[in-house]
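Topology and contacts: notes
Take a look at the letters that make up each chain.
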Amino acid sequence: MWYGTEAPWGAEMHIHIAPVGFSREPVLKVISRLPGIDVLYLLHTDNPVSLETARSIRDTVSCMIPSINLITIPFSDFMGIVATIYSIFEDTKAKDAEFSVNITGGTNLMAAAVCYSSYYIRAKIYYSLNSTDPIESQVIEINAPKAVDVSGYRELTRDILLYMLECRRRDIMVTNSDISSRFGINKQKAAYHVKILAHDGLVEKRPFVEGGVPDARRNALVLTAQGVMIANTL
């Protein structure tokens with residue numbers, strides 16, 4: 001296998017986290033497809049086979065990855081695994097570090113904990129298929145929502161998000177003009193707040209449809225699935 005040295009995405013540091021079960025291949029496949037891993041964390045249980053597998057992976061890639069860390073995680077403690085991963089994130093000194101995770105190795109619970117954690121550390125998620133296809137076809141990136149810090153939103157931005165949720169529940173389509181009228185602001189200011197929500201993946205534009213007929217003069221503003229989930233937590 002080939003292991004790259006150029007950091008991806010223009011980042012100064014690429015940190016990769018992978019749970020380890022009894023097989024090396026799911027971990028090695030993903031590593032082989034991610035150039036420029038600077039720091040690798042192999043999360044193994046206290047099972048001797050899991051530990052030996054992690055050591056074998058470390059020995060295989062040690063000449064290509066500058067820093068490799070083996071960390072013991074609890075076998076069946078979901079939040080314990082999450083806490084371990086988040087501590088890695090908090091201990092990272094590089095502010096612009098990029099994180100990636102592999103959810104293929106280990107148990108289903110381990111994979112679920114890693115996937116859950118990836119949302120909060122804004123990590124790219126990778127999965128390795130078990131097939132005979134070329135390796136470039138076996139490693140896939142899972143499209144998942146990234147964490148949005150709504151605590152930094154202005155009150156009006158949050159109110160607009162809640163207004164759109166209420167309209168969704170009542171099956172009412174929302175336009176920029178509707179937001180402008182509802183909150184007594186001009187269209188430019190309404191567009192500014194909508195742009196923030198759209199940038200964070202909470203709102204998207206779709207053709208406005210009235211009576212089953214698209215209106216080319218207007219766009220409807222619609223909450224994404226992530227937008228609905230986050231609005232429901234406010």
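Structure shown above.
Residues numbered from 1 in each chain as written. Predicted model: local features only at pLDDT ≥ 70, side-chain atom pairs only at ≥ 80, totals over all residues. Heavy atoms only, no water.

1. Here we look at the overall build of the protein
- Counting secondary structure elements, the protein contains nine helices and eight strands.
- Over its C-alpha atoms the protein spans a radius of gyration of 22 Å, topping by over 25% the 17 Å that the globule rule assigns to 234 residues.
- By its C-alpha atoms, the protein is 65 × 35 × 35 Å across when sized along the principal axes.
- The buried share of the protein, taken over its 234 residues, is 42%.
- For the protein, contacts bridging at least 24 residues in sequence account for 67% of all contacts bridging at least 6.
- Accessible surface computed for the protein: about 12800 Å², of which carbon and sulfur atoms make up 51%.
- Across the protein, the 23 positively charged side chains and the 25 negatively charged ones have centroids separated by 8 Å. (Helix = DSSP H or I, 4+ residues; strand = E, 2+ residues; numbered from the N terminus. Rg over C-alpha atoms; globule rule 2.2 N^0.38 Å. Buried < 20%, exposed > 50% of the residue type's maximum accessible area, 1.4 Å probe, protein only. Contact = heavy atoms within 4.5 Å. Areas by Shrake-Rupley, 256 points an atom, 1.4 Å probe, with all protein chains shown as cover. Lys, Arg positive; Asp, Glu negative; His and termini not counted. Charge placed at Lys NZ, Arg CZ, Asp CG, Glu CD.)

2. Remarks on the pairing of strand S2 (residues 39-44)
- Summarising burial for S2: six of the six residues are buried, a large majority.
- On S2, burial covers both faces: Val 39, Tyr 41 and Leu 43 on one face and Leu 40, Leu 42 and His 44 on the other are all buried.
- Where strand S1 (residues 14-19) lies against S2, five bridges are found, and the strand directions are parallel. Note that in S2 the partner of Pro 19 across the bridge is Leu 43.
- A crossover links S1 with its parallel partner S2, the connecting element being helix H1 (residues 25-33), and its sense is right-handed.
- As judged from the six bridges shared by S2 and strand S3 (residues 67-72), these two strands associate in the parallel manner. (Pairing = 2+ DSSP bridges. Right-handed = clockwise from strand over helix to strand, strands pointing away.)

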